[in-house]
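Fold and geometry: a report
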Amino acid sequence: MARRRTAILISGRGSNMSALIGAARAPDFPAEIALALSNRSDAGGLALARQAGVATAVVDHKIYAGRDEFEGSMQAMLDIHRIELICLAGFMRVLGAPFVARWRDRMLNIHPSLLPSFRGLDTHARAIEAGVKIHGCTVHFVEPELDSGPIIAQAAVEVRDDDTPETLGARVLTQEHALYPAALALVAAGRVQTDGARTRIATVRQG
Ligand code: GAR
């Protein structure tokens, strides 16, 4: 099966992007990372993508009159690169409903909490504050509402008594780097079906 051409959208350091690029080097990985696209020209991840030989592009949201114009420009860039799947990886812009609808079931996001708990920012501090014993990360299909949409995969970590947001966040990030490639592989292989708010993952028959 042809590898699905995938764009990764970033705004920052791009550690999840690097994990996806690394995993996609395996010849049997069902997605190919064809583009790293950032809304910020100073995103650290852009240099990492270039070093890895991945095409990069910047669409700076600040120069556009509004969200529609910004997203129109991103869509043009995605079309030029014949992108079939999008992974949001620390992309810190809220996307409008038309763009989200266009990429329905083809745009993934990773969020550093066990959704639907702790949408938004500062998830590790809020998890500690709330006293939860289990925290983690989620990969989901993107819907217009922030950090929501059918869940594809989750990974959990134990919250320790002496955790700070930094120590907890570091353990979650390690899980993110394994979870995101695994979730993208499932989607790119056509094994994820959405069913309302839920997804179903097809099992692979051996032999
Ligand atoms: C990651 O922890 C990701 O889960 C989070 O931003 C970080 C980006 O780091 N995303 C969100 O909070 C989205 N709501 P990275 O640039 O090193 O991948």
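Keep in mind that what you see is a predicted model, and the values were worked out from it rather than measured.

Our focus in this paragraph is the pattern of salt bridges. Two side chains of opposite charge can pair, provided their charged atoms sit close to one another. If you walk through the whole model with that rule in mind, you get seven salt bridges. Arg-4 is the salt-bridge partner of Glu-84, the closest N and O atoms lying 3.2 Å from each other. Taken together, the positions of Glu-84 in the loop between helix H3 (67-80) and strand E4 (85-88) and Arg-4 in strand E1 (residues 4-10) put the pair 80 residues apart, joining distant regions of the chain. One salt bridge in this structure joins Arg-5 and Glu-32, with 3.6 Å as the shortest N-O distance. With Arg-5 in strand E1 and Glu-32 in strand E2 (residues 31-38), this pair connects stretches of sequence that are 27 residues apart.

All right, on to the packing of aromatic side chains then. Each pair of aromatic rings is reported with the distance of its centres and the angle of its planes. In this structure the tally under the stated criterion is one aromatic pair. Note on Tyr-64 and Phe-70: the rings are 6.1 Å apart at their centroids and 50 degrees apart in plane angle, and the pair reads as tilted. Phe-70 gets classed as buried once you look at its relative accessible area, which sits at 3%. One residue, Arg-106, lies across the ring of Trp-103, its end atom 4.2 Å from the ring centre.

In the vicinity of the ligand, the contacting residues are Arg-13, Gly-14, Ser-15, Asn-16, Gly-90, Met-92, Ile-110, His-111, Pro-112, Asp-147, Leu-173 and Glu-176. At 2.7 Å, a side-chain N or O of Glu-176 approaches an oxygen atom of the ligand. Alone, the ligand offers 440 Å² of accessible surface; in the complex the protein occludes 88% of this. Within the residue set of the shell around the ligand, elements represented by two or more residues are helix H1 (15-23), strand E5 (107-111) and helix H6 (165-188).

Attention shifts here to the state of the cysteines. Cysteine pairs can be linked by a disulfide, which is a covalent bond between their two sulfur atoms. Inspection of the entire model under this criterion finds zero disulfides. With no disulfide of its own, Cys-87 lies closest to Cys-137 among cysteine sulfurs, the gap being 14 Å. The exposure class assigned to Cys-137 is buried, which follows from its relative accessible area of 0%.

Position of Leu-20 among the secondary structure elements: in helix H1. The buried category is assigned to Leu-20, whose relative accessible area is 0%. Ignoring any residue separated from it by four or fewer positions in sequence, one finds Leu-20 in contact with Ile-8, Ile-33, Cys-87, Tyr-180, Pro-181 and Leu-184.

Let's shift gears to the confidence of the model for the protein chain. Of all residues in the protein chain, 99% attain a pLDDT of 70 or more, and the chain-wide mean is 97. Mean pLDDT across the elements of the protein chain bottoms out in strand E8 (residues 192-195) (96) and peaks in E4 (99).

Procedures and definitions
Residues numbered from 1 in each chain as written. Predicted model: local features only at pLDDT ≥ 70, side-chain atom pairs only at ≥ 80, totals over all residues. Heavy atoms only, no water. Salt bridge = Lys/Arg side-chain N within 4 Å of Asp/Glu carboxyl O. Helix = DSSP H or I, 4+ residues; strand = E, 2+ residues; numbered from the N terminus. Phe/Tyr/Trp six-rings, centres within 6.5 Å; stacked < 30°, edge-to-face > 60°. Buried < 20%, exposed > 50% of the residue type's maximum accessible area, 1.4 Å probe, protein only. Lys NZ or Arg CZ within 6 Å of the ring centre and 35° of its normal. Near = heavy atom within 4 Å. Polar contact = N/O pair within 3.5 Å; in protein donor to acceptor, adjacent residues only side chain to side chain. Areas by Shrake-Rupley, 256 points an atom, 1.4 Å probe, with all protein chains shown as cover. Disulfide = S-S within 2.5 Å. Contact = heavy atoms within 4.5 Å. pLDDT = per-residue confidence, 0-100.

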